Amino acid sequence: MMQDPPVVLDEIVITAPRLPAAEGDAAFSVIRLDGEALDRSMRLDEALGRVPAVGLFRRTTSLTANPTTQGLSLRAIAPSGAGRALVTLDGVPLNDPFGGWVIWAQVPPEGLSGVDVVRAGGTGPYGAGALTGSVLLRERDTGGAWTAAIGERGSARLAASGTGDLGPLRWVATARHEQTNGHTPVRAPQAGAADRPLDLEANSASLRLDLPVGDALVSGRVSAFEEMRGSGVEGSDAEASGTALSLTATRQPDDRAGWRVQLWRRTSDLQNRFVATAPDRSSTSPANHQFHTPATAWGLNAAWRMKRDGFETELGVDARTAEGETNERYRFMGGEFTRSRQAGGETSVAGVYAEANATRGPWLVAGGLRLDHWAARDGRRIERDLQTDALVLDDRPVDQSGEVVSARLGVRRALSPEWSVRAAAYSAFRPATLNELHRPFRVGNDITEANAGLVPEQLTGIEAGLARETDRLDVRATAFATRIEDAIVNVTIGAGPGVFPRAGFVPAGGVLRERQNAGTIEAVGLELEVEARPREGLTLRGALAGTDARVDGGSQAPQLTGLRPAQAPIWSATAGLDWTPAPDWTVSVDARWESRRFDDDLNSRVLDPALVASARLERRLSSGLSAWVEGVNLFDADVETAETGTGVVSYGPPRTLWVGLSRRW
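This structure is a prediction, so every number in the text was calculated from the model and none was measured. (Residues numbered from 1 in each chain as written. Predicted model: local features only at pLDDT ≥ 70, side-chain atom pairs only at ≥ 80, totals over all residues. Heavy atoms only, no water.)

(A) Local environment of the overall build of the chain. The helix and strand tally for the chain stands at 3 helices and 42 strands. A globule of 665 residues ought to have a C-alpha radius of gyration of about 26 Å, and the chain, at 24 Å, matches this closely. Taking the principal axes of the C-alpha coordinates as reference, the chain spans close to 70 × 55 × 55 Å. Out of the 665 residues belonging to the chain, those deemed buried represent 57%. (Helix = DSSP H or I, 4+ residues; strand = E, 2+ residues; numbered from the N terminus. Rg over C-alpha atoms; globule rule 2.2 N^0.38 Å. Buried < 20%, exposed > 50% of the residue type's maximum accessible area, 1.4 Å probe, protein only.)

Below is the structure:
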């Protein structure tokens, strides 16, 4: 069976606890990945990487990324570890309640029927956090899939998802296990005895029950995940775990109004052990042990939708609250930690919105308005001497709150059966996470301080698009310009060796950074996408994205003015083909290239351009059952993922071969 490429948003048939996509979405930039495309990806974030300028904070996937760097970036405007995109599963946010990142291990692709990537388009009905866009996941409603695979370096993966009926109940169950011994990111001659592989073990499971009640559907869902991974050096590792519960009632719109009411709860915990590395990388010493980071989030959202004579309206409300804290031991001296830290607080955001769209002949007009109230309160940072229990720091920042108005407006006109144009303007915002407000952290010898005074980032943007769609060829082009005010940036404020207030000692070769609302980030960009189907059984696709983002640090961080945001490449491109050379054989090839990017805010650590290609050969054994072999990073490219202040470079995984069996029904 062929793997379908990303396509423009089309009408969705809904049989699950979610409202259908609004017709007005066609006025904005929405890319869809269907279930078959997801089935051929072992991790969801890798599937999303088929869309140019979409990826995690660093040049890594969730196979090797620390949990705190799994934030999603859209359009390369300004990537961050927290992520500037909102990710939801049937309306429930998947972003971590403490840090905003997404633990991708909790959602195996086998359990999804599709994904919509909303590139910008404003906050709209999606809510706070959708600064540069949203990723809307749809859970499987029918059928099933399983994958069993083994790969090099002790890699193995088993994932399955299925559906069924128990009387009036419909169930959807998904589970996943993955493990790998990993690769060592630092290579000779820079590597030393302290360097270790990035090993991983990840597990997840979920169960959803759907029950018809009159003309509505009531659904309950429970899920849990955990992952344990090495961090690439001796004595450094990370663990992440969490649970989610949701209860949803939905009535699909027909000749009457449709509606959705949803209540959800999410918990998470994170453990990180950080070390200081000797200059020759022969040894490490403990630097920080973040041993318990409990966080809990609650949310409620509701929407009412009506459609009459080509006019569609939606009114909605959503509210979220999160509380959490980090518990740490630090300042390792005389063979033991001598200080403890407890820091955290509570954040909340609540909003109301109205959306509407109208279709008149070749014209589609869509727009919406939101009003949100945000708050950060009960913040604290308490540090003690572990030997005497003496109070070293008792910082309780003042509570903050405010209101944000955001809006969007889009227009689309069909010029002919093949050609269409569109234009849109929008605004959005993202409040700081508990992690950004309260948790300092250390990577190697680099230290980043938290900042409890951060205010929400706010984005405004405009874009225009042109599309031609035929049976044989689809071409789409989008130009955009955006501006982020009060951008949250890790700003370099000192270099080691030295002792600094609050942060303490910064070793030689390390730098001290602080999260700040550092001025503005302005970006202009262009996206081109082509998909050709020259004959039956052959699909060619290509895409190019360019984003020129620049920082204006103003008076607060003038050293950043004119520089690019960290981890933001200007150019990225993807290409691929799906070919059926014989009835039971399928060949799929994908390649992704990006230009250089910088590993730091001062643009002093340069990561070279990177090209990664993958290929998959699949043989259908029977109806629904296939055997396959896949090569990831087929040409064994050296992909630079990070660089320290002393010039030590980390690399992504080398070529990896997989063999597996998959079944879909």
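Picking up where we left off.
(B) Expanded view of the side chain of Thr 250. Take Thr 250: it is sitting in strand S14 (residues 237-251). Setting aside chain neighbours within four positions, we find Thr 250 in contact with Pro 17, Arg 18, Leu 19, Ala 216, Leu 217, Trp 259 and Arg 260. (Contact = heavy atoms within 4.5 Å.)

(C) The arrangement of the sheet that holds strand S31 (residues 511-517) in detail. Within the open sheet, the 4 strands sit side by side as S24-S25-S31-S28. Their pairing is mixed. Taken across any chain shown, the strands that pair with only one partner, and hence form the sheet edges, are strand S24 (441-443) and strand S28 (488-495). When strand polarity is set aside, the average angle formed by the axes of neighbouring strands in this sheet is 25 degrees. Both S28 and S31 contribute to a ladder of 7 bridges, which runs antiparallel. Bridge assignment links Val 491 to a residue of S31, and that residue is Glu 514. (Pairing = 2+ DSSP bridges. Axes fitted to C-alpha atoms, helices over the stretch in contact; angles between N-to-C directions.)

(D) Up close: the pattern of salt bridges. This structure, assessed with the given rule, holds 64 salt bridges. Among the salt bridges present, the one from Arg 18 reaches Asp 90, with a minimum N-O distance of 2.5 Å. Linking Arg 18 in the loop between strand S1 (7-8) and strand S2 (30-34) with Asp 90 in the loop between strand S5 (86-89) and strand S6 (92-93), this pair joins segments that are 72 residues apart in sequence. The pair formed by Arg 18 and Asp 90 is uniform in burial state, with each residue classed as buried. (Salt bridge = Lys/Arg side-chain N within 4 Å of Asp/Glu carboxyl O.)

(E) Local environment of a nonpolar patch on the surface. Residues Leu 526, Leu 528, Leu 544, Trp 571, Trp 593 and Leu 611 make up a contiguous nonpolar surface patch of roughly 520 Å² in combined accessible area. Assignment of secondary structure puts Leu 544 in strand S33 (residues 538-552). For Leu 544, a relative accessible area of 33% corresponds to the partly exposed category. (Patch = residues over 30% accessible without salt bridge, like charges linked within 9 Å, V, L, I, M, F, W, Y side chains within 5 Å. Areas by Shrake-Rupley, 256 points an atom, 1.4 Å probe, with all protein chains shown as cover.)

(F) Here's a closer look at the environment of Gly 235. Mapped onto the elements of the fold, Gly 235 is located in the loop between strand S13 (216-230) and S14. Overall, the relative accessible area of 35% leaves Gly 235 in the partly exposed class. Put simply, Gly 235 and Ser 285 are 50 residues apart on the chain and 7.8 Å apart in space, counted from C-alpha to C-alpha. Setting aside residues no more than four positions away along its own chain, Gly 235 makes contact with Arg 273 and Val 275.

(G) Layout of unusual backbone geometry. A cis geometry characterises the amide bond from Ala 188 onward to Pro 189, with omega recorded as 5 degrees. Summarising the element assignment, Pro 189 is placed in the loop between strand S11 (169-180) and strand S12 (200-213). Residue Pro 497 is reached from Gly 496 by a cis peptide bond, and omega for that bond is 5 degrees. Mapped onto the elements of the fold, Pro 497 is located in the loop between S28 and strand S29 (498-500). Notably, Asp 309 is not glycine yet its phi reads approximately 50 degrees, a positive angle. Owing to a relative accessible area of 72%, Asp 309 belongs among the exposed residues under this scheme. Located in the positive-phi region is Asp 389, a residue other than glycine, with phi close to 65 degrees. Position of Asp 389 among the secondary structure elements: in the loop between strand S20 (363-385) and strand S21 (391-395).

(H) The arrangement of the packing of aromatic side chains in detail. One pass over the full model with this rule turns up 1 aromatic pair. Measuring from ring centre to ring centre gives 5.3 Å for Phe 332 and Phe 337, while their planes differ by 75 degrees; the resulting arrangement is edge-to-face. In this structure, Arg 616 is placed above the aromatic ring of Trp 628, and the distance from its NZ or CZ to the ring centre is 4.1 Å. (Phe/Tyr/Trp six-rings, centres within 6.5 Å; stacked < 30°, edge-to-face > 60°. Lys NZ or Arg CZ within 6 Å of the ring centre and 35° of its normal.)

(I) Focus on the pairing of strand S38 (residues 610-622). Pairing between strand S35 (residues 585-594) and S38: 10 bridges, direction antiparallel. Within S38, the residue paired with Trp 585 across the bridge is Arg 619. Inspection of the sheet shows S38 paired to strand S39 (residues 625-632) by 7 bridges, in the antiparallel sense. Each residue of the ladder has a partner; that of Ala 615, found in S39, is Gly 631.

(J) The environment of Thr 338, seen in detail. Note on placement: Thr 338 falls in strand S19 (residues 336-360). For Thr 338 and Val 92, which are 246 residues apart along the polypeptide, the C-alpha to C-alpha distance reads 41 Å. Sequence-distant contacts of Thr 338, defined by excluding residues within four places in its chain, comprise Tyr 330, Arg 331, Met 333, Arg 384, Asp 385 and Leu 386.

(K) Region of the structure containing the confidence of the model for the chain. With 97% of its residues at a pLDDT of 70 or more, the chain shows a mean pLDDT of 92. Overall, residues 1-14 carries pLDDT values under 50, and its contacts beyond four positions in sequence, including any with other chains, amount to 57 contacts. (pLDDT = per-residue confidence, 0-100.)

(L) The arrangement of the side chain of Glu 618 in detail. As for its position among the elements, Glu 618 is in strand S38. Look at Glu 618 and you get buried, because its relative accessible area is 3%. Here Arg 616 takes part through its side chain, which lies 3.3 Å from a polar atom of the side chain of Glu 618. Sequence-distant contacts of Glu 618, defined by excluding residues within four places in its chain, comprise Arg 40, Asp 584, Trp 585, Thr 586, Ser 626, Ala 627, Trp 628 and Arg 664. (Polar contact = N/O pair within 3.5 Å; in protein donor to acceptor, adjacent residues only side chain to side chain.)

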